[in-house]
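# Fold and geometry: a report
Here is how the chains run, residue by residue.
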Amino acid sequence: MGTQRPSPHEARSAAEFVNCMRRLKEQSGLTYRQLEAKAEQQGDVLARSTTADVLRRDSLPRAEVVAAFVRACGRGEDASDWLTARNRLAAAEPPHPDEAPAPEPSRRSWTVGPMRNRRVLAASAGAALLLAAVGAWAVLPGEGGDRGATRAAGAAPHRASSPSPDSTTVVDGPAPGRSRIRPALAPGLCVTEGHDRKGRYRSQVAVQRPCADATPPDLSLVTVGTTGSYYIQWRHPVYGDGCLTALGSGHVVEGMLEPWPWESCSADRTSQHFFFEPVGDARADGFRIHVVQNGMCLGVNGVDDRAAGAEIIQQRCTGARDQEFLVDEVE
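Quick caveat, the model's predicted, so the values are computed rather than measured.

Thresholds, definitions, all that
- Residues numbered from 1 in each chain as written.
- Predicted model: local features only at pLDDT ≥ 70, side-chain atom pairs only at ≥ 80, totals over all residues.
- Heavy atoms only, no water.
- Helix = DSSP H or I, 4+ residues; strand = E, 2+ residues; numbered from the N terminus.
- Buried < 20%, exposed > 50% of the residue type's maximum accessible area, 1.4 Å probe, protein only.
- Contact = heavy atoms within 4.5 Å.
- Areas by Shrake-Rupley, 256 points an atom, 1.4 Å probe, with all protein chains shown as cover.
- Polar contact = N/O pair within 3.5 Å; in protein donor to acceptor, adjacent residues only side chain to side chain.
- Salt bridge = Lys/Arg side-chain N within 4 Å of Asp/Glu carboxyl O.
- pLDDT = per-residue confidence, 0-100.
- Core = buried A, V, L, I, M, F, W, Y, C linked by side-chain atoms within 4.5 Å.
- Pairing = 2+ DSSP bridges.
- Disulfide = S-S within 2.5 Å.
- Phe/Tyr/Trp six-rings, centres within 6.5 Å; stacked < 30°, edge-to-face > 60°.
- Axes fitted to C-alpha atoms, helices over the stretch in contact; angles between N-to-C directions.
- Left-handed = near helix turned anticlockwise from the far one by under 90°.
- Nonpolar A, V, L, I, M, F, W, Y, C, P; charged D, E, K, R; others polar.

### Quick notes on the overall build of the protein
Across its full length, the protein holds six helices and 15 strands. Residues counted as buried form 49% of the 331 residues belonging to the protein. Partitioning the intrachain contacts of the protein with sequence separation of at least 6 by distance along the chain shows that 64% fall at a separation of at least 24. Here the protein has roughly 15,400 Å² of accessible surface; of this, 50% comes from carbon and sulfur atoms.

If you want it as structure tokens, here you go:
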């Protein structure tokens, strides 16, 4: 074991910073359980599962996690240096490697009715949405955007106004708030975080996993102003709040969904907005989930719709049961 202290100021990326944290743990000689106990003695909260999660990834953990970790490793005098290095990397994080901005497809927006859990859908917009979905997969337009937006963390995304529809049909939508989304064909699985099974992308993407293992993150539906659509918000104890973002053409995992930091979620970025279309009275709480940007439907990647770990992706809407999801309120 080397005696030289890891220097977080030499880290030039999040991966290098986390590697410094791994070296610090190694030098401390402490187990995850012992780190948890040391943190508790100092008035910090550092669950061993959180530490293990941080050290197996290459993403910057939250500042309070870094501080508690460094103190638990016995380097409390260095905590401010670690935080300075961490914040420098966070500020210098490049924009998301997505494609250049693409024109927004021409369609009407949905508007919200006066009652909770009621959505007003423009009849003309519904027809345009379905027509767009038939031919959109070959193009799959994407949005650019700066993932490092400077809006305050945790602040609600700014709202954009919506044009009034020419005519309306009232439909039921899911209630906003903490929720669980399950594929209709595999109701024992829940939408949560995971990774591209081909190993092409190191960041988290949306997958389906057994519901007992699906948290964290906690999932909530958050209304997008008065548009009638929702953010699918994730809340993670290490990485904070984020919203699922549909990745467009040109991305290494195009068609998948990635959580972006909440401060980068915007009412103007429709790749982060989802419309929940009820599938009929016979299937209460069943919905097709459309990406507002392109009208695509969410579905399960691969031939086995019931496979744990299968990615949730954008697909051409077919009306089939494998593109239906159950949405449950969570107390």
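### Brief notes about the environment of glutamine 314
Tracing the chain through its elements places glutamine 314 in strand β14 (residues 312–315). The spatial distance from the C-alpha of glutamine 314 to the C-alpha of valine 291 is 7.7 Å, given a sequence separation of 23 residues. Of note is the side chain of glutamine 314, whose polar atom sits 3.0 Å from the backbone oxygen of leucine 247.

### Points about the pattern of salt bridges
Throughout the structure, instances matching the rule amount to 19 salt bridges. Among the salt bridges present, the one from glutamate 64 reaches arginine 62, with a minimum N-O distance of 2.9 Å. For arginine 178, the salt bridge identified is with aspartate 218, shortest N-O distance 3.0 Å. Here arginine 178 is found in strand β4 (residues 177–183), whereas its partner aspartate 218 is found in strand β7 (residues 218–223), with 40 residues between them in sequence.

### A few points about the confidence of the model for the protein
Overall, the predicted model of the protein reaches an average pLDDT of 77, with 73% of residues at or above 70. Contacts for the low-pLDDT stretch residues 95–156, under 50 throughout, to residues beyond four places or in other chains number 164 contacts. Low pLDDT, under 50, characterises residues 158–171; the predicted model gives this stretch 37 contacts beyond four residues in sequence or across chains.

### Considering the nonpolar core
If you look at the biggest cluster of nonpolar residues, it comprises 24 residues, and the most contacted ones within it are Phe17, Met21, Leu46, Phe69, Val70 and Trp82. For this core, the elements supplying multiple residues, two or more each, are α1 (14–28), α2 (32–41), α3 (48–55), α4 (63–72) and α5 (79–92). Examining the composition of this core, we find that six residues originate from one element, α4, more than from any other. Every residue in contact with phenylalanine 17, bar those within four places of it in the chain, is listed here: Pro8, Ala11, Leu60, Val66, Trp82, Ala85, Arg86 and Leu89. Judged by nonpolar contacts, the second largest core, of 23 residues, contains Val191, Leu298, Ala310 and Phe325.

### Some points on the pairing of strand β13 (residues 297–300)
For a regular strand, side chains alternate in direction, first toward one face of the sheet and then toward the other. Burial along β13 is two-sided: the face carrying Cys297 and Gly299 and the face carrying Leu298 and Val300 are both buried. In the sheet, β13 pairs with β14 via four bridges, with the strands oriented antiparallel. Across the sheet, valine 300 pairs through a bridge with isoleucine 312, a residue of β14.

### Quick look at the state of the cysteines
As enumerated under the stated definition, the model contains three disulfides in all. Note that cysteine 190 is cross-linked by a disulfide to cysteine 211, the S-S spacing being 2.1 Å. Judged by the torsion about the S-S bond (90°), the cysteine 190/cysteine 211 disulfide is right-handed. Of the two residues, cysteine 190 sits in strand β5 (residues 189–194) while cysteine 211 sits in the loop between β6 (205–210) and β7, which places them 21 residues apart along the sequence. Paired through a disulfide, cysteine 297 and cysteine 317 show a sulfur-sulfur distance of 2.1 Å.

### What to know about the packing of aromatic side chains
Here the structure, examined in full by the defined rule, presents four aromatic pairs. Residues tyrosine 230 and phenylalanine 276 carry aromatic rings whose centres are separated by 5.2 Å and whose planes lie at 80° to one another, so their mutual orientation is edge-to-face. In this pair, tyrosine 230 sits in strand β8 (residues 230–236) while phenylalanine 276 sits in strand β11 (residues 274–278), placing the two residues 46 residues apart along the sequence. The same class applies to tyrosine 230 as to phenylalanine 276, namely buried. Ring plane angle 70° and centroid distance 5.3 Å describe the contact between tyrosine 231 and tryptophan 262, whose orientation is recorded as edge-to-face. Within this pair, whereas tyrosine 231 is found in strand β8, its partner tryptophan 262 is found in the loop between β10 (257–261) and β11, the two being separated by 31 residues in sequence. Take tyrosine 231 and tryptophan 262: they sit in the same class, and that class is buried.

### Some details on the packing of α4 against α5
Contact geometry of α4 with α5 gives a least axis separation of 9 Å together with a crossing angle of 150°. As for how α4 packs across α5, the hand of that crossing is right-handed. Residues Ala63, Val66, Ala67, Val70 and Arg71 of α4 form the contact with α5, whose own contacting residues are Ala79, Trp82, Leu83 and Arg86. Within the contact of α4 with α5, the residues separate by chemical class into seven nonpolar, no polar and two charged.

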